[in-house]
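# Report on the structure
So the chains spell out like this:
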Amino acid sequence: MSVVGRKNRTGLRFALALACTLLFLFPIYWIAAISVKTPEEIFAYPLVWLPGSFNFNNYLVLFRDGDAWSVFHSLVTAGTSTVIAMVLGTFAAYSLARYKTGGNHLSLWIISQRMVPQISIAFPVFLLFVSLKLIDTYAGLIILYTAFNLPYVIWMMRGYIQDVPIELEQSAMIDGLSPFQVILKVVFPMVRAGLFATAVFTFIFAWNDFLFALILTRSEVVTYPVQVTGYFGSQSTFWGKIGAMSMLGMLPMFFVVATMQKYIVRGMSMGAVKG
Amino acid sequence: MTRIFQFRYLILAPAIFFILLIGLYPFLKLLITSFQNITMFADDYGFAGFVHYARLMDDGRFWASVLRTVVFTAIALPIELGLGLAMAYLFLERVPLKQVFVALILLPTVISPIVAGSTWRLMFDNRFGPINQIIGWFAGHEVKLLWTVDTSLAWPAILIADVWQWTPFMFLFLLTALSAVDQEQIEAASLDGASRWRTFRYIVLPAITPVMAIAMLIRGLDLFRIFDIVWTMTQGGPGTLTETISVYAYQMAFREFDVSYSAAFALAIIVVLTGVVLSFLRMVEVER
Amino acid sequence: MSDLVLKNVHKHYGQFHAVKGIDLTVKAGDFAVLVGPSGCGKSTLLRSIAGLEEISDGDILLGDKSLKDLPPRDRNLAMVFQSYALYPYLTVFENIAFGLRARKVPNAEVEAKVRDAAELLGLTEYLDRKPRALSGGQRQRVAIGRAIVRDAELFLFDEPLSNLDAKLRDEMREELKKLHQRLGKTFIYVTHDQIEAMTLADQIVLLKDGSIEQQGAPLDLFERPNNLFVAGFLGSPSMNLIEVSPLGRDNLVQLADGQTLVVDPAIHARLVETKDPILWGVRPEHFAHVENATNAVMVQIGVLQPTGSRSYASFRIADTHVVAELPAHTVSKEGQQIALSPNMEKTHFFNAGTGERIG
């Protein structure tokens, strides 16, 4: 193929890729636009495609009314549960990887926990948390998200740990480290990339959860997905608030994708390889 | 030796404790409750036999929800797979700014399904949504489709939203898989005179099948359990038209508090899901 | 420093009996080499001494202290792994310092010790680099450095030179020997390479299928092998094994092609008593071309391989392929008929059935 032909193909590919990307981004653009439109612009006909100005009133309303706290609640619950799940899960994964604790049966059972449909255990969990007085508390959601994410963390980290050459751990043991120190000072640094990738997904899952947040919160620790659905009423739908709240909820995700893109890609493909 | 014995269980124990909380207790509770007779009005803890399971078998609404969910899964999965594959091929070779594009395309997948559903609900709004506007341009006149209310449009709306959110997921998996295909085999095939289709069918496809299978399993399970998107867009409506298994289950448990029945229901879902996964895995093993 | 004693050490992996009742004493300060073919149990034995494997039976004693129930870090030993096991995320300095830091040695002391070791091994200018920036030989030295900073009583080496190319291996062999002389500590070294074993060891332990075939000074094993396996393992090219049968008279043994050789009367007596077939073991270097020799065999040279000052000449005695190592120019061309006399004092006779040496 001639050089010109090849350039054309790349140019065509670029155009298609651009079109593809724009197509997928459009709804996100739309909701972002709504979040900065004035009510007149939102409910204008024909449609206003480009907001006239950056009107942050919708956001101000959220902060004023305290609705914005839901983002904070999401941050606390998702962040804390991710940290706990990563620590407990990685240690557990080490036990499975190096000591082969419980053999195949235990591993299988742990991985199968990931397949449990949320809706099935929703009500029993609800009852359990009621009796433990964990409804509408940080602790409740954190415990739940930790428990829910642990199987995934264990599954992924086990694979990453198995890829660490065992001689490094053995050498450290001979050099005088206790088994616990070996995990901390040798294994953790070696699986750093895996830790990040897994943590990203764990965080995303907890951040975006709706069903459990819906069931287990009332008014104190409402997370942002629940908050958003609250704006859809039978009488009126608060478009501006929906837009602003959605954006607030999406912003951390944008940030995560921007900084962790490498790890996300690796994490998704690792999931394929290690599945 | 006793020291090792303790250590490896010690570091495993906290995680297991948490998992049991979600894994063991609810399961047992469901089992027990499904054989009792607890409803919104009565709290009968006696053994009620299989009455709820029998009711489940006869429950038309249940079976309808199963049918809808299965059909939806069967439609959405191939679409997401096909589009994802097409996009993966597009990005397989040199594209300027590839990393940027890939990162942006991933955005729908990392946002909450609630936000996705909410966004599309607004996009599908009959008066102020851009979808109708765009259709109107092509139709030449004003279009006021009631996407989330019209019986023939509700499912397509949900389908579009789900495809939008999850095709990037398939895309990424497939891109990774395609990138890993042995280039030398493809070059050998082209030298042998194989057509693009042939190369795909006999070289590429077998190479990416394991990854595709995993992606399909994950996505299939998620589609089966779909809740968030449906809830924001239609809440199972109009009527019960878009009521999937999860939506119905939610109604049973948290709206009507038909506790024992929903426990039987929940267990049934787990059993069905396990069956699906096992048969899928067996199918994959047979392929090998 | 104390002697290392292994008493009746056994190791089972399920049904597989990897180490079968090993009794071994390594004197303090000795360089002991565990050598043998793959699967003989040498690595398992080393790792058992290290504490990375638990022994199924028996005991391991350092002096009068039993190591059996101690975890690796309490056994006061250091180990160099085949793959070096360097931490890729640490600098060379930190890699070497790793064990010291683990034992909470104060910074000043760590500095001093690491720099000493680095200087000894020629690593001083590499201290700030990461392992990936080093060559194989340099990484090897870092691994050794990490071991020697620790003042351990026992140094274990698990095939440390296997991953190096031939020339580097020769250099490192010499350095390891010098290191041992300098440190004076007990070295236990595992290899499958008999040249490393011969050149490095004060004591060779030759293992096969989990048992010790023979142990002793290298030249002892070389010159007085206990059985066919030992005879064949050491020496390159390996010992020739030729079928012979003793004749009833004149202290003669007969080769398969009819030629005869005179042997020592005492040995001849033992040969006559042996019911099993007999193999005569003669190393290539023990053949010589001597004019008018009385005890010689007449052979026709098949292939001649000159290596410079020596040549390898191969020929056949009946069906057996034999190699002789002769000074260059002894044989002028292939196909030449020549009389070779073996140095009978250095050759051995083996019972082909049991493998044991007869004389």
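Every chain's residues receive numbers from 1 upward, in the order its sequence appears when written. Just so you know, chain letters begin at A and ligand numbers begin at 1, following the order they were written in. Side-chain atom pairs in this predicted model are given and counted only at pLDDT of 80 or more, local residue features only at pLDDT of at least 70, and totals for whole chains, interfaces and linings cover all residues.

For helices, the axis comes from a line fit to the C-alpha atoms of the stretch in contact; other axes are also lines fit to C-alpha atoms, and the angle between any two N-to-C directions lies between 0 and 180 degrees. We count a stretch as a helix when DSSP gives it H or I for four or more residues in a row; a strand needs E for two or more, and each element gets its number in order from the N terminus. Interhelical geometry of helix H4 (residues 69–98) of chain A versus helix H2 (residues 13–23) of chain B gives an angle of 115° and a closest axis separation of 8 Å. On the basis of the axis angle, H4(A) is roughly perpendicular to H2(B). In terms of crossing hand, the pair formed by H4(A) and H2(B) is left-handed. Facing A:Leu88, A:Gly89 and A:Ala92 of H4(A), the residues of H2(B) in contact are B:Pro14, B:Ala15 and B:Phe18. Charged means Asp, Glu, Lys or Arg here, nonpolar means Ala, Val, Leu, Ile, Met, Phe, Trp, Tyr, Cys or Pro, and polar covers whatever is left, Gly included. In terms of residue class, the contact of H4(A) with H2(B) is built from five nonpolar, one polar and no charged. Roughly parallel refers to an angle under 35 degrees, roughly antiparallel to one over 145, roughly perpendicular to one between 65 and 115, and oblique to any angle outside these ranges. Working rule for handedness: look at the near helix, and if it is turned counterclockwise from the far one by less than a right angle, call the crossing left-handed; if clockwise, right-handed. The contact criterion used is a C-beta to C-beta distance within 7 Å, with each C-beta placed from the backbone.

Looking now at the interface of chain A and chain C. Contact with chain A, which involves 13 residues of that partner, is made by 16 residues of chain C. Contributing elements (two or more residues each) for the side of chain A that touches chain C: helix H8 (166–175) and helix H9 (179–190) of chain A. In terms of residues, the side of chain A that touches chain C owes the most to one element, H8(A), which gives seven residues. Here the side of chain A that touches chain C is built from residues that sort into seven nonpolar, four polar and two charged.

Glancing now at the domain arrangement of chain C. Start and end points for every domain follow an automatic or database-based domain assignment. One can read the domain layout of chain C as domain 1 (4–229) and domain 2 (240–351). For domain 1 of chain C versus domain 2 of chain C, the separation of C-alpha centres amounts to 40 Å.

This paragraph deals with the sheet that holds strand S15 (residues 287–288) of chain C. Backbone hydrogen bonds hold the strands of a sheet together, and the pairing may be parallel or antiparallel. Residue and element names in this part refer to chain C. At least two bridges found by DSSP between two strands is the condition for calling them paired. An order of S15-S19-S16-S17-S18 is seen for the five strands of this open sheet, with the pairing classed as antiparallel. Only two strands of the sheet have a single partner each, and these edge strands are S15 and strand S18 (320–327). Pairing geometry for strand S16 (residues 297–306) and strand S19 (residues 337–342), over four bridges, is antiparallel. When the bridges of S19 are listed, Val-297 appears paired with Leu-340.

Interface size is often expressed as the accessible area that is lost when the parts come together. Residue and element names in this part refer to chain A. According to the domain assignment, chain A contains domain 1 (3–55) and domain 2 (59–274). On the domain 2 side, the residues contacting the six residues of domain 1 number six residues. When contributions to the side of domain 1 that touches domain 2 are tallied by element, the ones reaching two or more residues are helix H1 (3–36) and helix H2 (39–42). A per-element tally of the side of domain 1 that touches domain 2 places H1 first, with four residues.

We now examine the pairing of S18(C). All names here are of chain C. Both strand S17 (residues 310–317) and S18 contribute to a ladder of eight bridges, which runs antiparallel. Paired with Phe-315 across the strands is Val-322, a residue of S18. Between S17 and the antiparallel strand that follows it, S18, lie two residues; Ala-318 among them carries a positive phi value of about 55°.

We call a set of buried Ala, Val, Leu, Ile, Met, Phe, Trp, Tyr and Cys residues a nonpolar core when their C-beta atoms link them within 7 Å. With C-beta atoms placed from the backbone, the exposure class of a residue follows from how many other C-beta atoms lie within 10 Å of its own: 20 or more, buried; 12 or fewer, exposed; in between, partly exposed. In terms of nonpolar packing, the biggest core is built from 259 residues, with A:Ile154, B:Ala249, C:Val33, C:Leu156 and C:Ile188 touching the most fellow members. The element contributing the most residues to this core is helix H7 (residues 138–162) of chain A, with 16 residues. Excluding its chain neighbours within four sequence positions, the residues that come into contact with C:Leu156 are C:Leu46, C:Ile49, C:Ala50, C:Leu77, C:Met79 and C:Ile188.

Time to look at the interface of chain B and chain A. Contacts between chain B and chain A engage 71 residues on the former and 74 residues on the latter. Here the residues of the side of chain B that touches chain A sort into 55 nonpolar, nine polar and seven charged.

This brings us to the environment of C:His268. Residues and elements named next belong to chain C. Tracing the chain through its elements places His-268 in helix H9 (residues 265–273). Classification of His-268 by C-beta neighbours within 10 Å gives buried; the count is 21. Expressed as a C-alpha distance, the spacing of His-268 and Asn-107, which sit 161 residues apart in the sequence, is 70 Å. With residues near it in sequence (within four places) discarded, His-268 still touches Pro-246, Asn-251 and Val-263.

We now examine unusual backbone geometry. Residue and element names in this part refer to chain C. Look at the link from Ser-236 to Pro-237: it is a cis peptide, with omega at 0°. As for its placement among the helices and strands, Pro-237 is situated in the loop between helix H8 (228–233) and strand S11 (240–246). Its identity as a non-glycine residue notwithstanding, His-329 has a phi of 75°, on the positive side. Looking at the secondary structure, you find His-329 in the loop between S18 and S19. What makes His-329 exposed here is the crowd of 9 C-beta atoms within 10 Å.

This paragraph deals with the sheet that holds strand S5 (residues 65–66) of chain C. Residue and element names in this part refer to chain C. What the four strands build is an open sheet, ordered S2-S1-S4-S5; its pairing is antiparallel. At either margin of the open sheet sits one strand with a lone partner, and together these are strand S2 (16–26) and S5. Where strand S1 (residues 4–13) lies against strand S4 (residues 57–62), five bridges are found, and the strand directions are antiparallel. Paired with His-10 across the bridge in S4 is Asp-57. On top of the sheet, helix H1 (residues 42–50) reaches S1, S2 and S4; it is set at about 65° to S2, its chief contact.

All names here are of chain C. In the sheet, S16 pairs with S17 via five bridges, with the strands oriented antiparallel. Residue Leu-304 lies in a different strand from S17, and its bridge partner there is Ala-313. Here S16 folds back onto S17, and the loop between the two strands holds three residues, one of which, Gly-308, carries a positive phi near 125°.

So, about the packing of helix H5 (residues 60–92) of chain B against helix H11 (residues 196–224) of chain B. Residue and element names in this part refer to chain B. One can describe the packing of H5 onto H11 by two numbers: an axis separation of 9 Å at closest approach and a directional angle of 145°. The crossing of H5 and H11 is right-handed. Every residue of H11 that contacts H5 at Thr-69, Phe-72, Thr-73, Ala-76, Leu-77, Glu-80 and Leu-81 is listed here: Met-216, Arg-219, Gly-220, Leu-223 and Phe-224. Residues belonging to the contact of H5 with H11 are distributed by class as follows: seven nonpolar, three polar and two charged.

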